[in-house]
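# Architecture at a glance
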Amino acid sequence: MKKNRFYISVLAAALLCVASCGHSAPTYDAGLCQKLAEQIDRRQQLTQEDYSSMIQQNIAILQYLIDKNKAVAATPEADRPDEWSRLVHDEDYMERFGYLFTIGSALYQADSDGLLDEANRKAYAEVDRYNSELARYNRR
């Protein structure tokens, strides 16, 4: 009986690891964003893999922007104009914001045109949650 408990606990731990590892947050990749933005700007045909990468980069950028905007929203109201000014002069912030606009617009159009496969449509639908959260902090 003790052996069974041991194997069950090992199996449970392994399943928890697989479940949590499979849903890790996407990581921002400036080089990939640049490549995707160039494809978009050149109006090159995008694959489902490209769309998937675009969605993941969009989420990574949104998470970054949310964190930055959340930090500004947490500062005293009198200090916020200076904090906003620092953000719009931050090269990394503005780079990501630019990619968000380019990639986000292309994803919106692809979704509207029915170009996303089922998996990418579902993944893209999740982006709205991040957009809503970012909008919440921009209103403050």
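Conventions and cut-offs
- Residues numbered from 1 in each chain as written.
- Predicted model: local features only at pLDDT ≥ 70, side-chain atom pairs only at ≥ 80, totals over all residues.
- Heavy atoms only, no water.
- Salt bridge = Lys/Arg side-chain N within 4 Å of Asp/Glu carboxyl O.
- Helix = DSSP H or I, 4+ residues; strand = E, 2+ residues; numbered from the N terminus.
- Buried < 20%, exposed > 50% of the residue type's maximum accessible area, 1.4 Å probe, protein only.
- Expected span 1.5 Å × (residues − 1).
- Arc of directions from axis to C-beta.
- Contact = heavy atoms within 4.5 Å.
- Polar contact = N/O pair within 3.5 Å; in protein donor to acceptor, adjacent residues only side chain to side chain.
- pLDDT = per-residue confidence, 0-100.
- Phe/Tyr/Trp six-rings, centres within 6.5 Å; stacked < 30°, edge-to-face > 60°.
- Lys NZ or Arg CZ within 6 Å of the ring centre and 35° of its normal.
- Axes fitted to C-alpha atoms, helices over the stretch in contact; angles between N-to-C directions.
- Parallel < 35°, antiparallel > 145°, perpendicular 65-115°, else oblique.
- Left-handed = near helix turned anticlockwise from the far one by under 90°.
- Nonpolar A, V, L, I, M, F, W, Y, C, P; charged D, E, K, R; others polar.

### Focus: the pattern of salt bridges
Counted according to the given criterion, the structure contains five salt bridges. Note that lysine 70 is salt-bridged to glutamate 133, the shortest N-O span being 4.0 Å. One end of the pair, lysine 70, is in helix α3 (residues 48-73); the other, glutamate 133, is in helix α6 (residues 118-138), with 63 residues separating them in the sequence. The salt bridge partner of aspartate 92 is arginine 96, with a shortest N-O separation of 3.3 Å. With a gap of four residues between them, aspartate 92 and arginine 96 both fall in helix α5 (residues 91-112), about one helical turn apart. The buried category is assigned to arginine 96, whose relative accessible area is 13%.

### Observations concerning helix α2 (residues 30-41)
Compared with the 16 Å implied by 1.5 Å per residue over twelve residues, the 16 Å span of α2 between its first and last C-alpha is a close match. Of all the residues in α2, the buried ones are Cys33, Leu36, Ala37, Gln39 and Ile40. Buried residues of α2, seen end-on, are gathered within an arc of 160 degrees and therefore sit on one face of the element. Tucked into the core, α2 has its buried residues touching α3 and α5. For α2, the capping residue at the N-terminal end is aspartate 29, with a side-chain oxygen 3.1 Å from the backbone nitrogen of glycine 31. One or two steps after α2, the chain reaches arginine 43, where phi turns positive at roughly 55 degrees.

### Brief notes about the confidence of the model for the protein
When pLDDT is averaged across the protein, the result is 85; 82% of the residues are at 70 or more. In the model, residues 2-22 has pLDDT below 50 throughout and makes zero contacts with residues more than four positions away in sequence or in other chains.

### Things to note about the packing of aromatic side chains
Scanning all chains against the criterion turns up one aromatic pair. Ring geometry for tyrosine 64 against tyrosine 93: centres 6.4 Å apart, planes inclined by 45 degrees, an arrangement best described as tilted. Within this pair, whereas tyrosine 64 is found in helix α3, its partner tyrosine 93 is found in helix α5, the two being separated by 29 residues in sequence. Accessibility expressed as a relative area gives 15% for tyrosine 64, which makes it buried. Here tyrosine 93 falls in the buried class, since its relative accessible area comes to 7%. A cation over an aromatic ring shows up here: arginine 96 above the ring of tyrosine 64, its NZ or CZ 3.9 Å from the ring centre. Above the ring of tyrosine 130, the side-chain terminus of arginine 129 is found at 4.4 Å from the ring centroid.

### With respect to α6
The first and last C-alpha atoms of α6 sit 31 Å apart over 21 residues, in line with the 30 Å expected at 1.5 Å per residue. Buried within α6 are the following residues: Asn120, Tyr124, Val127, Tyr130, Leu134 and Tyr137. The arc that holds the buried residues of α6, viewed along the axis, is 100 degrees, so those residues lie on one side. Regarding α6, its N-cap is aspartate 117, as a side-chain oxygen of that residue lies 3.3 Å from the backbone nitrogen of alanine 119 further along.

### So, the packing of α3 against α6
Taken N-terminus to C-terminus, the directions of α3 and α6 make an angle of 15 degrees; their axes are 9 Å apart at the nearest point. Here α6 runs roughly parallel to α3, going by the angle between their axes. By crossing handedness, the relation of α3 to α6 is classed as left-handed. Within the contact of α3 with α6, the residues separate by chemical class into 13 nonpolar, eight polar and two charged.

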